[in-house]
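Residue-level structure breakdown
One-letter residues, chain by chain:
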Amino acid sequence: MGIRKQPFGYQVKMGEIVLHAQEAKLVEYIFQQYLSGASFNILVAQLREQPIPYDEGKLWNKNMVARILEDRRYTGESDYPAIIDQKTLSRVLEKRSAKQAPTQKTETQKLLRRLSGHTATEQMEQQVRNLLNGLIASPEHITLPTPEHLPYTPEQMLQKELDAVMEQQPIDEDAAQNLILAIAAAQYSAIDPNQYETIRLRRLFSRHELMAELDDELMQSSVSAILCYKDGTIDIRLKNHQIIGRSETV
């Protein structure tokens, strides 16, 4: 038969739905094997080794196995002869439901995934917690990454001018005052935004208690990226661009 008109395991004789002996035994086998731990892949491979087809001319596949395992008529519903009991079907459906239900990710796992670009694992979560706890215990380890400096900054050049003015007698107070204001403006302009972040992070970690579980809020406000390596270790990049972990600070 090219298109199955009855569930696998049944046939119609003299207008009555009756068991198909060989197919019914195979239905029992499929239920038993599945409850014993056989996967769909294993079941399909086994079914392809035996001579009874689900549909004539078609190889057994996962969809065929799924249809059998989910069909309530095998318990005797809708006037079909029973092949299995209700308890067997309930156990199979419960197992199927557990496998199909997607695992709900926690907010921590979602955040770890977003920061790392990798699937969050218990090992990753533990390593991040340990690194952050290290900063809570010693916030002074949060430092501003050292930038490359030009030989003479505008501030240094203004300071040289101020030194020259101060060495001359009498001191030109107006010139000195203007240079002092110019130096202050140059210092303000030269402040790296990362310096603000460094100060903010030190305050943040100094006020935080050691964590038994990873604090999502702390991680979100302090970490810009989690760097994962092939050996399973990680670094964290703070929001001031400092890297904490096995790598050198950049």
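Below: a short report on this structure. In this convention, every chain numbers its residues from 1, walking through the sequence in written order. Local features in a predicted model are, by the rule used here, given only for residues with pLDDT of at least 70; side-chain atom pairs are given and counted only at 80 or more, and totals for whole chains, interfaces and linings are based on all residues. Side-chain measures were taken over the full set of non-hydrogen atoms in the model, leaving aside hydrogen atoms and water.

When helices and strands are tallied, the protein shows ten helices and five strands. Relative accessibility under 20% of the residue-type maximum defines a buried residue, over 50% an exposed one, and the middle range a partly exposed one, all with a 1.4 Å probe and only protein chains included. For the protein, with 250 residues in total, the buried portion stands at 32%. Pairs of residues are marked as contacts when any of their non-hydrogen atoms sit within 4.5 Å. Expressed as a percentage of contacts within the protein between residues at least 6 apart in sequence, the contacts between residues at least 24 apart total 52%. For the protein, the exposed area adds up to about 16400 Å²; of that, 51% sits on carbon and sulfur atoms. Only DSSP runs of H or I with at least four residues qualify as helices, and only runs of E with at least two residues qualify as strands; both kinds are numbered from the N terminus onward. For every accessible area listed, the method is Shrake-Rupley and the probe measures 1.4 Å; residues are considered covered only by the protein chains on display.

A separate point is the side chain of Arg 129. With respect to the helices, strands and loops of the structure, Arg 129 is situated in helix H6 (residues 122-137). By the counting scheme adopted, Arg and Lys are positive, Glu and Asp are negative, and His together with the chain ends is not counted. Salt bridge, as applied in this entry: a Lys or Arg side-chain nitrogen positioned within 4 Å of an Asp or Glu carboxyl oxygen. Although Arg 129 is buried, it makes no salt bridge; Glu 125 carries the closest opposite charge, 5.1 Å away. Discounting chain neighbours no more than four positions away, the residues touching Arg 129 are Met 211, Ala 212, Glu 213 and Leu 214.

In this section: the sheet that holds strand S5 (residues 243-244). Strands are labelled as partners when DSSP assigns at least two bridges between them. Strand order across the open sheet formed by three strands is S3-S4-S5, with antiparallel pairing between neighbours. For this open sheet the edge positions go to strand S3 (223-228) and S5, each flanked by a neighbour on one side alone. Where S3 lies against strand S4 (residues 234-238), five bridges are found, and the strand directions are antiparallel. If you follow Val 223 over to S4, its bridge partner there is Leu 238.

Taking 1.5 Å of rise per residue, the 16 residues of H6 would be expected to cover 22 Å, and the 22 Å separating its terminal C-alpha atoms lies within 8% of that figure. Within H6 the residues assigned to the buried category are Met 124, Gln 127, Val 128, Arg 129, Leu 132, Asn 133, Leu 135 and Ile 136. By this rule, a helix spans an expected 1.5 Å times one less than how many residues it contains.

With that out of the way, let us pick up the pairing of strand S1 (residues 10-13). Bridge analysis of S1 against strand S2 (residues 16-19) gives four bridges, and the strand direction is antiparallel. Counted as the bridge partner of Val 12 is Ile 17 from S2. Taking the residues between adjacent antiparallel strands as the criterion, S1 and S2 are bridged by two residues, where Met 14 takes a positive phi near 55°.

This part covers helix H2 (residues 40-48). Two residues of an α-helix separated by three or four positions point the same way, owing to the 3.6 residues in each turn. Turning to H2, its buried residues are Phe 40, Leu 43, Val 44 and Leu 47. The arc that holds the buried residues of H2, viewed along the axis, is 100°, so those residues lie on one side. Directions from the helix axis toward the C-beta atoms define the arc.

A few words on the nonpolar core. We call a set of buried residues a nonpolar core when its members are Ala, Val, Leu, Ile, Met, Phe, Trp, Tyr or Cys and they connect through side-chain atoms within 4.5 Å of each other. By size, the foremost hydrophobic cluster in this structure holds 27 residues, and its most contacted members are Phe 8, Phe 31, Trp 60, Val 65, Ile 68 and Tyr 74. Here the element with the most residues in this core is helix H1 (residues 21-35); it accounts for six residues. Contact partners of Tyr 74, with chain neighbours within four places excluded, come to Pro 7, Phe 8, Tyr 10, Val 27, Phe 31, Ile 68, Pro 81, Ala 82, Ile 83 and Ile 84. Counting residues in hydrophobic clusters, the runner-up holds 22 residues, among them Leu 112, Ile 142, Leu 218 and Ile 244.

Once that is clear, we can look at the packing of aromatic side chains. Two rings belonging to Phe, Tyr or Trp (six-membered ring only in the last case) form a pair when the distance between their centres is within 6.5 Å. Interplanar angles under 30 degrees mark stacking, angles over 60 mark edge-to-face geometry, and anything in between is tilted. Going through the model one piece at a time under the given rule, you end up with seven aromatic pairs. Ring geometry for Phe 8 versus Trp 60: centroids 5.2 Å apart, planes at 80°, classification edge-to-face. Within this pair, whereas Phe 8 is found in the segment before S1, its partner Trp 60 is found in the loop between H2 and helix H3 (62-69), the two being separated by 52 residues in sequence. The exposure classification of Phe 8 matches that of Trp 60, with both residues buried. Here the guanidinium or amino end of Arg 73 rests over the ring plane of Tyr 80, the centre of that ring lying 5.3 Å away. The ring centre of Tyr 34 lies 4.5 Å from the NZ or CZ of Lys 95, which sits over that ring. Counted as over-ring charges are cases with an Arg CZ or a Lys NZ within 6 Å of the ring centre that also lie within 35 degrees of the ring normal.

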